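Letter by letter, the chains look like this.
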Amino acid sequence: MSAIRPAAVVVLAAGEGTRMKSATPKVLHEICGRSLVGHVLAAARELKPEHLVVVVGHAREQVTAHLAGVDPEVRTAVQEEQNGTGHAVRMGLEELGGSVDGTVIVVCGDTPLLTGETLRSLAGTHQDDGNAVTVLSAEVPDATGYGRIVRDDATGAVTAIVEHKDATEAQRAIREINSGVFAFDGRLLADALGKVRTDNSQGEEYLTDVLGILREAGHRVGACVAGDHREIAGINNRVQLAEARRVLNDRLLTAAMLSGVTVVDPVTTWVDVTVTFERDVVVHPGTQLLGSTHLGEGAEVGPHSRLADTRVGAGARVDNTVSDGAVVGPEASVGPYAYLRPGTRLGLGSKVGTYVETKNASIGEGTKVPHLSYVGDATIGEYTNIGAASVFVNYDGQNKHHTTVGSHCKTGSDNMFVAPVTVGDGAYTAAGSVITKDVPAGALAVARGQQRNIEGWVARKRPGSAAAKAAEAAAPGGEGEA
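Just so it is clear, the structure is predicted and the values come from calculations on it, not from any experiment. (Residues numbered from 1 in each chain as written. Predicted model: local features only at pLDDT ≥ 70, side-chain atom pairs only at ≥ 80, totals over all residues. Heavy atoms only, no water.)

## Looking at the overall build of the chain
Assigned secondary structure in the chain consists of 10 helices and 37 strands. For a compact globule of 482 residues, the expected C-alpha radius of gyration is about 23 Å, and the chain comes in at 33 Å, more than 25% above that figure. Taken along the three principal axes of its C-alpha coordinates, the chain extends 115 × 50 × 45 Å. Taking the contacts inside the chain whose residues are at least 6 apart along the sequence as the reference set, 40% of them involve residues at least 24 apart. Positive and negative side-chain charges of the chain, numbering 44 and 57 respectively, have mean locations separated by a distance of 6 Å. (Helix = DSSP H or I, 4+ residues; strand = E, 2+ residues; numbered from the N terminus. Rg over C-alpha atoms; globule rule 2.2 N^0.38 Å. Contact = heavy atoms within 4.5 Å. Lys, Arg positive; Asp, Glu negative; His and termini not counted. Charge placed at Lys NZ, Arg CZ, Asp CG, Glu CD.)

## Details of the layout of surface pockets
What the second largest pocket holds in volume is close to 270 Å³. Surrounding the second largest pocket, 14 residues form its lining, Ala160, Ile161, Tyr206, Thr208 and Asp209 being those nearest its centre. Going through the elements one at a time, β9 (158-162) and α7 (209-216) are the ones with two or more residues in the lining of the second largest pocket. At 4 residues, the largest contribution of residues to the lining of the second largest pocket is made by α7. Split by residue class, the lining of the second largest pocket holds 5 nonpolar, 3 polar and 6 charged. (1 Å grid on protein atoms, 1.4 Å probe; cavity = no way out; pocket = protein on both sides within 12 Å on 5 of 7 lines; lining within 4 Å. Points joined across faces, edges and corners; volume = space filled by probe spheres on them. Nonpolar A, V, L, I, M, F, W, Y, C, P; charged D, E, K, R; others polar.)

## Details of the side chain of Gln79
When you line up the elements, Gln79 lands in the loop between β5 (75-78) and α3 (85-95). For Gln79, a relative accessible area of 2% gives the class buried. Within the structure, Gln79 has its side chain in polar contact with the side chain of His87 (distance 2.9 Å). Contact partners of Gln79, with chain neighbours within four places excluded, come to Ala14, Val55, Val56, Gly57, Gly84, His87, Ala88 and Met91. (Buried < 20%, exposed > 50% of the residue type's maximum accessible area, 1.4 Å probe, protein only. Polar contact = N/O pair within 3.5 Å; in protein donor to acceptor, adjacent residues only side chain to side chain.)

## Topic: the packing of aromatic side chains
Summed over all chains, the structure comprises 3 aromatic pairs. With centroids separated by 5.4 Å and ring planes inclined at 15 degrees, the aromatic side chains of Tyr337 and Tyr355 adopt a geometry described as stacked. With a gap of 18 residues between them, Tyr337 in the loop between β24 (333-334) and β25 (338-340) and Tyr355 in strand β27 (residues 351-363) connect regions that are remote in the sequence. Look at Phe392 and Phe417: their rings are 4.9 Å apart centre to centre, the planes differ by 35 degrees, and that puts the pair in the tilted class. Here Phe392, found in strand β30 (residues 391-393), pairs with Phe417, found in strand β33 (residues 416-418); they are 25 residues apart in sequence, far enough to count as distant. Note on accessibility: Phe392 and Phe417 belong to one class, buried. (Phe/Tyr/Trp six-rings, centres within 6.5 Å; stacked < 30°, edge-to-face > 60°.)

## Digging into the side chain of Asp110
Tracing the sequence through the fold places Asp110 in the loop between β6 (103-108) and α4 (116-129). Of the residues examined, Asp110 reaches a relative accessible area of 11% and is grouped as buried. A polar contact is formed between the side chain of Asp110 and the side chain of Lys26, at a distance of 2.8 Å. The residues contacting Asp110, other than those within four sequence positions of it, are Lys26, Leu36, Ala233, Gly234, Ile235 and Asn236.

## With respect to the nonpolar core
With 42 residues, the main nonpolar core has Leu289, Leu295, Val328 and Phe392 as its most contacted residues. Mapped onto this core, the elements with two or more residues apiece are α8 (238-258), β25, β27, β28 (368-380) and β34 (421-423). Excluding anything up to four places from it in sequence, Val328 contacts Thr310, Arg311, Val312, Gly313, Ala316, Val318, Val334, Leu340 and Leu346. Judged by nonpolar contacts, the second largest core, of 34 residues, contains Val11, Val63, Ala143 and Ile232. (Core = buried A, V, L, I, M, F, W, Y, C linked by side-chain atoms within 4.5 Å.)

## Some points on the pattern of salt bridges
The tally for this structure, following the rule as stated, stands at 15 salt bridges. The shortest N-O distance in the salt bridge between Asp228 and Arg230 comes to 3.0 Å. For Asp228, a relative accessible area of 25% translates into the label partly exposed. Between Arg246 and Asp250 there is a salt bridge; the shortest N-O distance is 3.1 Å. Within this pair, Arg246 and its partner Asp250 are both found in helix α8, separated by 4 residues, close to a single helical turn. (Salt bridge = Lys/Arg side-chain N within 4 Å of Asp/Glu carboxyl O.)

## Describing unusual backbone geometry
The omega torsion of the bond from Gly335 to Pro336 falls at 0 degrees, within 30 degrees of zero and hence cis. Mapped onto the elements of the fold, Pro336 is located in the loop between β24 and β25. Residues Ala419 and Pro420 are joined by a peptide bond in cis, for which omega reads 0 degrees. Positive phi, close to 55 degrees, is recorded for Tyr383, a residue that is not glycine. Within the secondary structure, Tyr383 sits in the loop between β28 and β29 (385-386). Positive phi is not limited to glycine here, since Asp414 has a value of about 55 degrees.

## Comments concerning the packing of α3 against helix α6 (residues 186-193)
Axis angle and axis distance: for two packed helices, these are the angle between their axes and the distance between the axes, and together they describe the pair. One can describe the packing of α3 onto α6 by two numbers: an axis separation of 10 Å at closest approach and a directional angle of 125 degrees. The angle between α3 and α6 falls in the class oblique. At the point where α3 passes α6, the crossing takes the left-handed sense. Here Gly86, Val89, Arg90 and Leu93 of α3 lie close against α6, whose contacting residues are Leu189, Ala190 and Leu193. Here the residues of the contact of α3 with α6 sort into 5 nonpolar, 1 polar and 1 charged. (Axes fitted to C-alpha atoms, helices over the stretch in contact; angles between N-to-C directions. Parallel < 35°, antiparallel > 145°, perpendicular 65-115°, else oblique. Left-handed = near helix turned anticlockwise from the far one by under 90°.)

## Some details on the environment of Val135
The residue Val135 is located in strand β7 (residues 133-139) in this model. Separated by 10 residues in sequence, Val135 and Thr125 place their C-alpha atoms 9.9 Å apart.

## Section: the state of the cysteines
Put plainly, a disulfide is one covalent bond tying together the sulfur atoms of two cysteines. What the rule picks out here adds up to 0 disulfides. Cys224 supplies the cysteine sulfur nearest to Cys108, a cysteine that is in no disulfide, at a spacing of 16 Å. (Disulfide = S-S within 2.5 Å.)

## Examining the pairing of strand β4 (residues 51-56)
Extensive coverage of β4 is indicated by the burial of 5 of its 6 residues. Of the pairings in the sheet, the one linking β4 to β5 comprises 4 bridges and is parallel in character. Across the sheet, Val53 pairs through a bridge with Arg75, a residue of β5. One crossover worth recording links β4 to the parallel β5 by way of helix α2 (residues 60-70), and it is right-handed. (Pairing = 2+ DSSP bridges. Right-handed = clockwise from strand over helix to strand, strands pointing away.)

Next comes the structure, spelled out in structure tokens:
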């Protein structure tokens, strides 16, 4: 099969999508890290078309702004009134001057499972068979709501596509359906669109009528059957959105596993299309990998972790963790129940343990923040240990301030580091200290009040209480003394 570069791809994305029951335009709903139309554009770009045009209509300002962020080189055409698919394609061609020499591919903006491979197959079949138009079709278990492919009984040629609402009972029994994806001869398409009528149940210009017009003019009309009918599924409601997400997620996980990733439970593991893996990664159940997340060789993530835009180094372990925009160094250990916020950078072999939150923090090689701590706006050197229940006090009510802790430091439990403050290399801080001044290298900082014991306070202030009785029994000569 020949490989061709289409002259244009026209994406139809003007509809309102009322069945989504959403303030968000249908084509902007997301699955696996991309909008529906974003998936379609990604597939279309694999063909390297000379022009890529998206026809917008409903909420066009919102859709156009989204397109500019997804694909800045895409062109848009406006369909002021939704007068049918044929009218939408005419608007798309007008954006390109009204007519195009070469192959024009038309796709729907709500088919996120469509692949570039299938579009290449369609374009190749169109060219090799010398068709004026080639429809991408599929055999489906339930054709309700789809246009039926009507073929000549003798030759198998496509004679018409009949919309479900206009089909006879016999035609509704047909299981081969129109995907809404076509390859056209650009010049013939422009001419035929001018002849499309609106004498149908919706009073609209059907793009499918172009097939009959071209066939009656003696041109060849063909079909290319998709290998997997799920690829052509359009999204019209939230149920179908969830179904498509499941299919695409399974596709992504299958590709990952075939490349050397162990996914312990694919049913409870979710990934975005932009996530990447190296070999021998292990992903445990209940894990979500989102955005630009990358897992290095031999890394282990989960169970029950959510990583967004996070890089995990080779051999690192991330357990029961939420991470957003962090970098986890090789052989580092995170969790369980850790929260890595944007700007977190963990060095080689470092540790962020149970109930630890970090933000805009650089934690050096071999350094440990084992438990119950907050490290924000901080730089910590190498092989330092941060004691339990430590807080880096970075906010004064108006501005954020930075704390620096050097290498080979040992900070006590229940420390408060009131920024801006610096703890020098090799320094110690005592448990319960509130560090408000810089600590020189090698020094011990003690910043806490003197302990004072008030003897007999419980007996005087809480007479008859359980505590008073326990204290009395523990006193010399009391009942508790042997």
